Amino acid sequence: RGKDYAINECTAPVRTVTSTVMCENGDLVSVKTKNPIPKDKIFEAMSIINKTVAKLPISVGDIIIEDLFGSPLVATQDKK
């Protein structure tokens with residue numbers, strides 16, 4: 001596993017992104033990418049996340065953004 005990780009880290013690094021998204025009532029809901037995304041797309045992903053407004057109610061696992069550079073962005077907390 002270490003060798004594969006090292007090769008991937010040098011050739012195509014990826015990261016799981018965690019952040020928050022504004023809800024329509026002004027609250028924040030925590031979110032994360034379900035799968036890692038390319039490291040060089042993190043700033044662009046954050047720009048998209050910061051412009052997103054989620055509709056309530058939200059449950060853990062709800063998809064907030066369907067495709068964020070190959071991964072859904074999902075809620076990690078409930079909001080009513």
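Residues numbered from 1 in each chain as written. Predicted model: local features only at pLDDT ≥ 70, side-chain atom pairs only at ≥ 80, totals over all residues. Heavy atoms only, no water.

1. Thoughts on unusual backbone geometry
Cis geometry is found at the peptide bond from L56 to P57, where omega equals -5°. Counting through the fold element by element, P57 comes out in the loop between β5 (53–54) and β6 (63–68). Unlike most non-glycine residues, F69 shows phi in positive territory, near 55°. You can see F69 is positioned in the loop between β6 and β7 (71–75). For F69, a relative accessible area of 27% puts it in the partly exposed group. (Helix = DSSP H or I, 4+ residues; strand = E, 2+ residues; numbered from the N terminus. Buried < 20%, exposed > 50% of the residue type's maximum accessible area, 1.4 Å probe, protein only.)

2. Side note on the pairing of strand β2 (residues 18–23)
Summarising the sheet, β2 and strand β3 (residues 28–33) pair through 5 bridges and their orientation is antiparallel. From the neighbouring strand, T20 faces β3, where its bridge partner is S30. Counted along the chain from β2 to the antiparallel partner β3, the turn is 4 residues long, and its residue G26 has a positive phi close to 100°. (Pairing = 2+ DSSP bridges.)

3. Quick look at the sheet that holds β2
Pairing in this open sheet of 5 strands is mixed, and the strands run β5-β2-β3-β7-β6 from one edge to the other. With one partner strand each, in any of the chains shown, β5 and β6 form the two edges of the open sheet. Contacting β2, β5, β6 and β7, helix α2 (residues 42–51) runs over the sheet at an angle of about 150° to β6. (Contact = heavy atoms within 4.5 Å. Axes fitted to C-alpha atoms, helices over the stretch in contact; angles between N-to-C directions.)

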